[in-house]
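An overview of the molecular structure
Listed below, chain by chain, are the residues.
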Amino acid sequence: GIVGTKKVKAGDEIRQVGRGSGIQKGRVLRVEEDATIVTDIRPAPGDTGGPVLTPGRELVGMLWGWSKIKKESYVAPIEPILDDLDVGLVVAVKK
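Here's what I pulled together on the structure shown here. Going along each chain's sequence as written, the residues are numbered from 1 onward. The predicted nature of this model means local features are confined to residues of pLDDT at least 70 and side-chain atom pairs, given and counted, to a pLDDT of 80 or more, with totals for whole chains, interfaces and linings taken over all residues. Side-chain metrics rest on all non-hydrogen atoms present in the structure, leaving aside hydrogens and water.

1. Comments concerning the pairing of strand S3 (residues 22-31)
One bridge is not enough; two strands pair if DSSP finds at least two bridges between them. Put simply, DSSP H or I for four residues or longer makes a helix, DSSP E for two residues or longer makes a strand, and each gets a number counted from the N terminus. Here strand S2 (residues 13-18) pairs with S3 via six bridges, running antiparallel. Its bridge partner being in S3, Ile 14 is matched across the sheet by Gly 26. Where S2 folds back onto S3 in an antiparallel hairpin, the turn is made up of three residues. When S3 meets strand S4 (residues 37-39), the two strands line up antiparallel, connected through three bridges. Directly across from Val 28, in S4, lies its bridge partner Thr 39. Linking S3 back to S4 in an antiparallel pair, the connection comprises five residues, with Ala 35 at a positive phi of about 80 degrees.

Below you can see the structure in the form of C-alpha cells.
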C-alpha cells in the first residue's frame, strides 16, 4: 500500500499505475513552474487519473495527460490536490 506522499525532482525514479498499462517504471524529466511533473512514462488509454508513486510507495501525484509528439507524460502533484479537497492521506502501518 501507499506509505505517504513525496515531492519529486528531475531524475527521480517513479512508477505509474494504470488500468491500460499496469505498472510502468520511469523518471521525472522536470518539474514545471506550475508544479506539473513531466515524466518519460508512456501511458496507455485508460491510465489517466492513475497514481504515480516512488519506488518506496510514496504517492507523488495523478497522471493527467501525455504528448505523443514530445514523448512525455504529465502528472499533477498530489499535495495541492489534497489541500484543495481539504483532506489528508491516511496510511495503515502493517505490523
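2. Here we look at the pairing of strand S7 (residues 72-77)
Looking at chain direction, S4 and S7 are connected through three bridges and run antiparallel. Paired with Thr 39 across the two strands is Ser 73, which belongs to S7. The pairing of strand S6 (residues 58-67) with S7 spans six bridges and is classified as antiparallel. Opposite Trp 66, over in S7, you have Ser 73 as the bridge partner.

3. Topic: the pattern of salt bridges
Put simply, a salt bridge is a Lys or Arg side-chain nitrogen that is within 4 Å of an Asp or Glu carboxyl oxygen. Counted according to the given criterion, the structure contains four salt bridges. A salt bridge links Asp 12 to Lys 9; the nearest nitrogen and oxygen atoms lie 3.2 Å apart. Of the charged contacts, one joins Arg 30 and Glu 72 as a salt bridge, the two residues approaching to 2.9 Å between their closest N and O atoms. Taken together, the residues span a long stretch of sequence, with Arg 30 in strand S3 and Glu 72 in strand S7 at a distance of 42 residues. Buried residues are those whose accessible area, probed at 1.4 Å on protein chains only, stays under 20% of the maximum for their type, while exposed residues exceed 50% and partly exposed ones sit between those limits. On the accessibility criterion, Arg 30 (32% relative accessible area) is partly exposed. Residues participating in the shared-partner salt-bridge network are Arg 30, Glu 32 and Glu 72.

4. Comments concerning the environment of Ile 14
Mapped onto the elements of the fold, Ile 14 is located in strand S2. For Ile 14, a relative accessible area of 1% corresponds to the buried category. Sequence separation between Ile 14 and Ile 81 is 67 residues, and the spatial gap between their C-alpha atoms is 19 Å. Residues within four places of Ile 14 in sequence aside, it is in contact with Gln 24, Lys 25, Gly 26, Arg 27, Val 28, Thr 39, Ile 41, Val 52 and Leu 53. Pairs of residues are marked as contacts when any of their non-hydrogen atoms sit within 4.5 Å.

5. Structural notes on a nonpolar patch on the surface
Residues enter patches when their relative accessible area tops 30% and they take part in no salt bridge; the joining distance is 9 Å for like charges and 5 Å for the nonpolar side chains Val, Leu, Ile, Met, Phe, Trp and Tyr. Shrake-Rupley sampling with a 1.4 Å probe provides the accessible areas, and residues are treated as covered by the protein chains on show and by no other component. On the surface, Ile 2, Leu 89 and Val 91 cluster together into a nonpolar patch covering about 190 Å² of accessible area. Its location among the elements puts Leu 89 in the segment after helix H1 (78-85).

6. Some words on the side chain of Thr 39
The topology assignment puts Thr 39 in strand S4. Here Ile 41 takes part through its backbone nitrogen, which lies 3.2 Å from a polar atom of the side chain of Thr 39. Polar contacts, as counted here, are pairs of nitrogen or oxygen atoms within 3.5 Å of one another; within protein the pair requires one atom able to donate a hydrogen and one able to accept it, and residues that are adjacent in sequence qualify only if both atoms are side-chain atoms. Separated by 2.3 Å, the side chains of Thr 39 and Ser 73 make a polar contact. Aside from chain neighbours lying at most four places away, what touches Thr 39 is Ile 14, Arg 27, Val 28, Leu 29, Lys 71, Glu 72, Ser 73 and Val 75.

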